[in-house]
Amino acid sequence: MSYPTCLWQELVKCGKQPTGNLEWDRAMLATLKSEERNREPWEALHKVALKFQDECDRQLRVIPDMSDEDVYNAHARFFLMVANHVLEPQRRKFIIDDDNRQVIRFLMLYFSGSRLCEDVFPGRGYRLHKNILLQGGVGVGKTLLMQVFSEYLKRIDSPRQFHNVSVTQMVNYYSVHNDIDGFLYNIKGGRGFQGSPLNLCLNDIGVDNRPFYGIDTDTIIHDFLHARNEIWSNPSEYDRKFAHLTTNLDNDRLKTKFGQKDAYGRIIDRFKTYNVIPLPGQSRR
């Protein structure tokens, strides 16, 4: 339903800036024309509604229109430039071939917030709102791909930008702090008792398992997956925070690995919140 010009004009006449939300603005106008005693709470909330709508609009403005092939191609070229920059210290070029081409296309659309990503692999059930679990053999380029996307998204200031971390980093953090709250809630960025979680990608889960003072790596990863699932489940679309993963393990080995210490099957069930994406091919190292 289009926003009526007359509603916009009437609100302006009453000295109120329209939010652009049809239902709210109609209710606000009706209140302004009603009894004086009803106006105060509505006027206070209207300021909040304007701020909320502005934040929603800002989020939408930074999402590129990937349905425009020229826009997509421009982003794809910039992605490749970033990828080659990441690989420059190794004196090699980023190769796009039949093994990674469609995966890259899916991720380009996914990280731009475009629902077109759901059509790249028909029948797999991939969804825009789910996390990413990139799966493949040793050396096929899983971690590199997420490193490149992390850098690319930061360069374009995307709301879906994320930080790359490794299991080793998380275990080392645990050895110093005796918790992994920095990877869960970003306590330093929080206020009071509330953290400020960031989008993350945890690389190479399920490979290394070394005890540290009686706590092994798998237990730490279990805690990470449980907590980040709770964070991801936030119902607000604009507040949803992602925890992507990469792994060398296939589906059966993932179930075996994470089912050992999870009698209720909660971790395995929570892998349903991931787009499990196989990255085929031989080692690129």
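Above this text you will find the structure in question.
Residues numbered from 1 in each chain as written. Predicted model: local features only at pLDDT ≥ 70, side-chain atom pairs only at ≥ 80, totals over all residues. Heavy atoms only, no water.

With respect to a negative patch on the surface
- A contiguous patch of negative charge on the surface is contributed by Asp-65, Asp-68, Glu-69 and Asp-70.
- Within the secondary structure, Asp-68 sits in the loop between α3 (39–61) and α4 (69–87). (Patch = residues over 30% accessible without salt bridge, like charges linked within 9 Å, V, L, I, M, F, W, Y side chains within 5 Å. Areas by Shrake-Rupley, 256 points an atom, 1.4 Å probe, with all protein chains shown as cover. Salt bridge = Lys/Arg side-chain N within 4 Å of Asp/Glu carboxyl O. Lys, Arg positive; Asp, Glu negative; His and termini not counted. Charge placed at Lys NZ, Arg CZ, Asp CG, Glu CD. Helix = DSSP H or I, 4+ residues; strand = E, 2+ residues; numbered from the N terminus.)

Some details on empty space enclosed by the protein
- On inspection of all chains with the given rule, the structure shows one cavity of 30 Å³ or more.
- Empty space within the largest cavity amounts to approximately 80 Å³.
- In terms of lining residues, the largest cavity is bounded by eleven residues, among which Leu-225, Asn-229, Arg-270, Thr-273 and Tyr-274 are the most central.
- When residues of the lining of the largest cavity are traced back to their parent elements, those giving at least two are α9 (217–232) and α11 (266–270).
- Of all the elements, α9 adds the most residues to the lining of the largest cavity, at four residues.
- Grouping the constituent residues of the lining of the largest cavity by class yields six nonpolar, three polar and two charged. (1 Å grid on protein atoms, 1.4 Å probe; cavity = no way out; pocket = protein on both sides within 12 Å on 5 of 7 lines; lining within 4 Å. Points joined across faces, edges and corners; volume = space filled by probe spheres on them. Nonpolar A, V, L, I, M, F, W, Y, C, P; charged D, E, K, R; others polar.)

Re the nonpolar core
- By size, the foremost hydrophobic cluster in this structure holds 36 residues, and its most contacted members are Phe-79, Phe-106, Leu-107, Leu-145 and Phe-149.
- Counting residues per element, the ones that place at least two in this core are α4, α5 (101–111), β1 (131–135) and α6 (142–155).
- Here this core takes eight residues from α5, the largest share from any one element.
- Among residues more than four places away in sequence, those in contact with Leu-107 are Ile-132, Leu-145, Phe-149 and Ile-277.
- In this structure, Leu-133, Leu-202, Ile-221 and Phe-224 belong to the second largest nonpolar core, which totals 24 residues. (Core = buried A, V, L, I, M, F, W, Y, C linked by side-chain atoms within 4.5 Å. Buried < 20%, exposed > 50% of the residue type's maximum accessible area, 1.4 Å probe, protein only. Contact = heavy atoms within 4.5 Å.)

Side note on the environment of Met-170
- Tracing the backbone shows Met-170 in helix α7 (residues 167–177).
- Residue Met-170 is classed as buried on the basis of its relative accessible area, which comes to 0%.
- Sequence separation of Met-170 and Ile-221 is 51 residues, and the distance between their C-alpha atoms is 8.8 Å.

So, the environment of Ala-227
- Relative to the helices and strands, Ala-227 is located in helix α9.
- Ignoring any residue separated from it by four or fewer positions in sequence, one finds Ala-227 in contact with Leu-184 and Tyr-185.

Observations regarding the sheet that holds strand β5 (residues 274–278)
- Taken in spatial order, the five strands of this open sheet run β2-β3-β4-β1-β5, and their pairing is parallel. Both outer strands of the open sheet, β2 (163–166) and β5, are each paired with one neighbouring strand and no more. With direction set aside, neighbouring strand axes in the sheet form an average angle of 20°.
- Relative to β5, β1 is paired through five bridges, and the arrangement is parallel. Within the sheet, the bridge partner assigned to Gln-135 lies in β5 and is Pro-278.
- Across the sheet, α5 touches β1, β4 (243–247) and β5, and the angle it forms with β5 is around 155°. (Pairing = 2+ DSSP bridges. Axes fitted to C-alpha atoms, helices over the stretch in contact; angles between N-to-C directions.)

Digging into the environment of Ser-150
- Here Ser-150 lies in helix α6.
- Overall, Ser-150 belongs to the buried group, its relative accessible area being 4%.
- Ser-150 sits 14 residues away from Asn-164 along the chain, and the two C-alpha atoms are 6.9 Å apart.
- Setting aside residues up to four positions removed in sequence, Ser-150 forms contacts with Phe-162, His-163 and Asn-164.

What about the pattern of salt bridges?
- The final tally for this structure, using the stated rule, is seven salt bridges.
- Residues Arg-101 and Asp-98 are paired through a salt bridge, measuring 2.7 Å at the closest nitrogen-oxygen approach.
- Residue classification places Arg-101 among the partly exposed positions, given a relative accessible area of 38%.
- One salt bridge in this structure joins Arg-115 and Glu-118, with 3.4 Å as the shortest N-O distance.
- Accessibility expressed as a relative area gives 18% for Glu-118, which makes it buried.
- Because the salt bridges share partners, they merge into one network encompassing Glu-10, Lys-13 and Lys-33.

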